[in-house]
Amino acid sequence: MRRLEMQHPLTIVTILAAIGGISAVCMDPVLLSVSLIGGVLFYAVRHQGGRVAVYLTSAALFAVLALLNPLFSHNGKTVLFVVNNAPVTLEALLYGMVAACMIVAVLYWFRSLSELMTSDKWIALLSVISSKLALVLSLSLRYIPLFGQQIKRVRQAQKAVGLYKDENIMDRLRGGLRIMSTMITWVLENGIITADSMEARGYGSGRRTTYTVVRFRRSDALLLLLTALLTAATLAGLYGAGTVYYPSFSFAAWTPWRAAGYAAFCLLALLPTILEWTEAIKWRYWRSKI
Amino acid sequence: MIVIRQRRLRRMLQIGIPFVLVPLLVLLGALVFDQQRHLIVSFGVAVLSLLLFAAGFEKRVTGTRRLVLVAAMTALCVVGRLIPYLKPVTAITALTAIYLGPEAGFLTGSLSALISNFYFGQGPWTPFQMLGWGLLGLFAGYLAKPLTRSRILLILYGIFAGVAYSVLMDVWTVLWYNDSFDWTLYGAALVTAIPYTVSYALSNVLFLWLLADPIGRKLNRVKVKYGV
Amino acid sequence: MEILAIENLTFTYPEQEVPTLRDLSLSVPEGAFVTLAGKTGSGKSTLMRLLKQELAPKGTRSGSIRINGEEVGTLSPKESAALVGYVMQDPERQIVTDRVWHELAFGLENLGYAPQVIAARVAETASYFGIEEWYEQPTASLSGGQKQLLNLAAVMAMRPRILLLDEPTAQLDPVAASSFLSAVKRLHRDLSITIIMAEHRLEEVLPDSNRVWLLEEGRLLFDGTPKKALNRIQNDATWMCGMPAAARAFFALSGEGDCPLDIKEGRRFLQAQFPSPVADLPQSTATSNAQEVLRLDKVRFRYDRSGPDVLDEPELVVREGEIVTLLGGNGSGKTTALLAAAGLLRPYAGTVTVFGKPLKAYRGQALYDGCLAMLPQNVQTLFLKDTVREELADAAASETAIPFDFTPLLERHPYDLSGGEQQMLAFAKVLAASPRLLLLDEPTKGLDAGMKQRFAAMLQTLRDSGKTILLVTHDVEFAAEVADRVLFLFRGRVVSEGTPHEFFPDQQFYTTAVSRMSRGILPGAVTLDDVQRLFREATT
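Here the structure is a predicted model, which is why all the values come from computation and not from measurement.

Comments concerning the environment of Glu 292 of chain C
Residue and element names in this part refer to chain C. Topologically, Glu 292 is positioned in strand β11 (residues 292–301). Each C-alpha atom of the pair Glu 292 and Glu 320 lies 6.1 Å from the other, and the pair is 28 residues apart in sequence. Setting aside its immediate chain neighbours within four residues, Glu 292 contacts Val 317, Val 318, Arg 319, Phe 355 and Gly 356. A polar atom in the side chain of Glu 292 sits 2.9 Å from the side chain of Arg 295.

Written as structure tokens, this is what we have:
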């Protein structure tokens, strides 16, 4: 099976959103640890190890978020020490760590989502709901680099005829306003040309079809089905009495159901990484045959 | 797809679903689920209301030119968001809404949030940002008449928008961290966000003050000349 | 069979008394290649737009336009969109989507074709136009020429029966323009599709057209073959200045026999006129000792660290009171050199000296205060007001700064002006900074032949009043006419230079049509004036 990046946008979003979504609702330490490991692993595999700065930032974020909760929440009965007459409890610290784990894990998953779902994939996905909206999005995305260039040209042009100054803050503000004003005229008037060009090519002439280069394959259907099953299994397994944090910390009781739920989530959280690995192995195999 | 024919009802739903339903459901969620799952409920509602809007938009007839202008103003917002410290997004969204209508305002706001996150990184906050900015545009569109008549009201709207945006986004920050709504945490979030809130409000006021005239005139010309 | 029939067409814009088009009657057989010529403001665009239902301007129209037997305006939207393809002037703004493949599919999506049909048609079109290589690219990454080719391909994917091209090469450089025009010619040859093209670049289009419409102030002056059209206007200088060099030489010298249209025919004609070798033209060499106004000294510049040097120590010196022209292909560093001279880019090595002072010595705005000013390539970057009057006031520019009559335009919006008029307005704003050194980037973009002549005269008057001008252009003919000195830039270096009469006869490709046509027959001839002079000398 091909790696996640090559799958249909719907598959990419569904898998990553399922993992992220489950992580966001279940304040379960085991599940969230799995989610965090899965998220970091997937990031590392796709980036050949990944960047140290990314790991350091997320570690720092984890620390800050974990310590934040005990400062605000004074529930729990195991008092570690007292700050400004307010008790800092072990339970609040544990809760903070789990919450931090959740946020960092979700951030890793969304990071992968951002990287895998390039703008054209979002457009392909959006065109299923509304082709008009997809078109607006596509137009905007086309305009952005164009506007960036034009702003630079406007600044240069106005500067070179002595109409733009940037010596002090008032000049800068005035100059910025000039550029903005020039840009707005340009943007609006040229938008009309684009609209003409659209109508000349039959936009708005009646029912529209949508053409995309992405294809929905059998593997997509399989992955979607698998994701649905694993998500259902996880939620069913973990439903009911969960981990209790306050007043004192206690794990939920181990039942076969619960174990099955954890197992299902393990598979789900590792699915993206597994896809990545299998493709890499397959490639090595193919290459050795050539 | 259900098509609602009555104009008034449609309009009420348009504001009602995202603005009344979202907070109501979050509140209900707080009571019913008892400290659990507010985040997923509010997330679900945000996504749902955006999808409803999208589906409704698809059915409506929008002129090609209006469509392109919305796309262009959105791109301008995104390019503007790349300016450090000062964010003209809300100002441009509000002015677009005033001259091109509430729907155009909602689109410009929400798409600006979506697209700029292609550059800043998507996250679970994207739907909330989309909804927040979209609503600020939508309301500016409904208030078009008073806002064009009085400069003071426009400035007040800028301040309101800056504060409202912070207040809204912080609810979400708290929910995400704590999963249940905690007033102390919310208070702390609001306090730490004060510099941002002030900078939002100031940017809005500044840009509305400076851009109201040029954008207004220019959008008006295009509206009249090309019949948008 | 007749695919287009226009009868007694008159059109007036709202709130205007004079009709823009008057009583036009025309018919076009299927498979014709029609060139529509006329000065700016003659109504070319209006006529073209009236032929395309979706783009028809608002106003009062009388008479009829029938395409394929059906009246324009009564066609169903889908029918009209598919039947008539339209390519506009601006390559950039016509593109709708952000990917090449999507742009090709856009029209077919609108017509509601099934995805499989779209896939097949898009694939076929992409291979025919040779755009497979950039099929998946973002449209923003394409060059101007590629963009316009994509626009043509996107229209052709809809399989129109008539192709309307409204000055499609006006924004392109000569190389890109030529390749666009050859794509159009190839389409005509391969598919025998009916083409109507409004175009200023008649040198390349006229030989391939089988029909010419000459439009003057909304009236049809002539409708017939190119050769007959030239016969009709041979005595009218305002018309002839835009015509192919071969035809101009023909009428300037004898005007007897068959009028040549292209270089090949032109050479045959000149060979017949000058049977015996001719003496060289007297050479004037430029050895000016005037004060140096601008010098680029060992300047190096690149846009990003890993990229190549765009400026690689070009030896560029401009002296007071001369017009210097920088020629060169795309990416040769012409515009970059100009931006560096204007202090808008910072070279990483070398110094730029303006009026004897290095750029770094100019504090704040001193450089742009009566010292130098630049006319940007895209003049719309200078417009921000609602009327021409305010626009002039914005720069404190006088209406009479240049010999161009702004009076009828004063209350118009700058974007409602024609390309040439916009250029003049921008030029007036630039001159308002009262610079002693003028830097001009592609100043002839969008100007018709008549306007170009007037602009050349304007520049020469400015030079004679003591200004120094450095201009960057793709327009070889204009350079030959206006320049005192020509520099040729290649990969960031000046590789050759000289006066037009030293420079152009030495070039094979990058030279004027007259020079290419008279090579080996009239050594040293660069402009039509040269040919006429040699002819007078040879015949007396």
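Following the structure, the description resumes.
Observations concerning the nonpolar core
If you look at the biggest cluster of nonpolar residues, it comprises 181 residues, and the most contacted ones within it are Phe 147 of chain A together with Phe 406, Phe 427 and Leu 459 of chain C. If you tally residues by element for this core, the top one is helix α4 (residues 90–116) of chain A, at 15 residues. Looking at which domains feed residues into this core, each of domain 1 (4–118 + 212–289) and domain 2 (131–200) of chain A gives three or more. If we ignore the near neighbours within four places in the chain, the residues touching Phe 147 of chain A are Met 183, Trp 186 and Val 187 of chain A together with Ala 72, Ala 75, Leu 76 and Val 79 of chain B.

Concerning the sheet that holds strand β10 (residues 219–224) of chain C
Either a parallel or an antiparallel arrangement is found when strands of a sheet pair, and the pairing is made through backbone hydrogen bonds. All names here are of chain C. Here six strands make up an open sheet; going across it, the order is β6-β7-β8-β3-β9-β10 and the pairing mixed. The open sheet is flanked by β6 (84–87) and β10, the only strands paired with a single partner. Averaged over neighbouring strand pairs, the angle between their axes works out to 15° when direction is ignored. With four bridges connecting them, strand β3 (residues 33–37) and strand β9 (residues 211–216) associate as parallel partners.

A few points about the interface of chain C and chain A
Counting residues at the interface gives 60 residues for chain C, matched by 50 residues for chain A. Summed over both partners, the interface of chain C with chain A comes to about 4900 Å²; 58% of that surface belongs to carbon and sulfur atoms. Per-residue buried area on chain C facing chain A is highest for Arg 93, Gln 365 and Leu 384 of chain C; these three make up 14% of the total on that side. Our enumeration of links across chain C and chain A arrives at six salt bridges. The residue Glu 92 of chain C makes a salt bridge to Arg 142 of chain A at a minimum N-O spacing of 3.8 Å. Sorting the residues of the side of chain C that touches chain A by element identifies α2 (77–83), α3 (100–110), α4 (115–128), α5 (144–156), β17 (372–375) and α14 (419–431) of chain C as the ones contributing at least two each. It is α3 of chain C that provides the largest number of residues to the side of chain C that touches chain A, a total of eight residues.

Observations concerning the pattern of salt bridges
Residues and elements named next belong to chain C. One pass over the structure, following the stated rule, counts 46 salt bridges over all chains. Between Glu 92 and Lys 147 there is a salt bridge; the shortest N-O distance is 3.1 Å. Taken together, the residues Glu 92 in the loop between β6 and α3 and Lys 147 in helix α5 connect sequence positions 55 residues apart. For Lys 147, a relative accessible area of 6% corresponds to the buried category. Linked by salt bridges that have partners in common, Arg 300, Arg 302, Asp 309, Asp 312, Glu 313 and Arg 493 make up one network.

Some words on unusual backbone geometry
Residue Pro 247 of chain A is bonded to the preceding Tyr 246 of chain A through a cis peptide linkage, with omega at -5°. Tracing the chain through its elements places Pro 247 of chain A in the loop between α8 (218–238) and α9 (256–289). At Asn 68 of chain C, a residue that is not glycine, the phi angle is positive and equals roughly 55°. Locating Asn 68 of chain C in the fold gives a position in the loop between β4 (60–67) and β5 (70–71). In this structure Asn 68 of chain C comes out as partly exposed when scored by relative accessible area, which is 27%.

A few points about α3 of chain C
Counting buried residues along α3 of chain C, eleven of its eleven residues qualify, which places the element largely inside the surrounding structure. All buried positions along α3 of chain C are accounted for by Val 100, Trp 101, His 102, Glu 103, Leu 104, Ala 105, Phe 106, Gly 107, Leu 108, Glu 109 and Asn 110 of chain C. On its buried face, α3 of chain C sits against α6 (131–159) and α7 (169–200) of chain A together with α2, α4 and α5 of chain C. Gly 112 of chain C occupies a position one or two residues after α3 of chain C and carries a positive phi of about 80°.

What counts as what
- Residues numbered from 1 in each chain as written.
- Chains lettered and ligands numbered in written order.
- Predicted model: local features only at pLDDT ≥ 70, side-chain atom pairs only at ≥ 80, totals over all residues.
- Heavy atoms only, no water.
- Helix = DSSP H or I, 4+ residues; strand = E, 2+ residues; numbered from the N terminus.
- Contact = heavy atoms within 4.5 Å.
- Polar contact = N/O pair within 3.5 Å; in protein donor to acceptor, adjacent residues only side chain to side chain.
- Core = buried A, V, L, I, M, F, W, Y, C linked by side-chain atoms within 4.5 Å.
- Buried < 20%, exposed > 50% of the residue type's maximum accessible area, 1.4 Å probe, protein only.
- Domains from an automatic or database assignment.
- Pairing = 2+ DSSP bridges.
- Axes fitted to C-alpha atoms, helices over the stretch in contact; angles between N-to-C directions.
- Buried area = accessible area lost by both parts, 1.4 Å probe.
- Salt bridge = Lys/Arg side-chain N within 4 Å of Asp/Glu carboxyl O.

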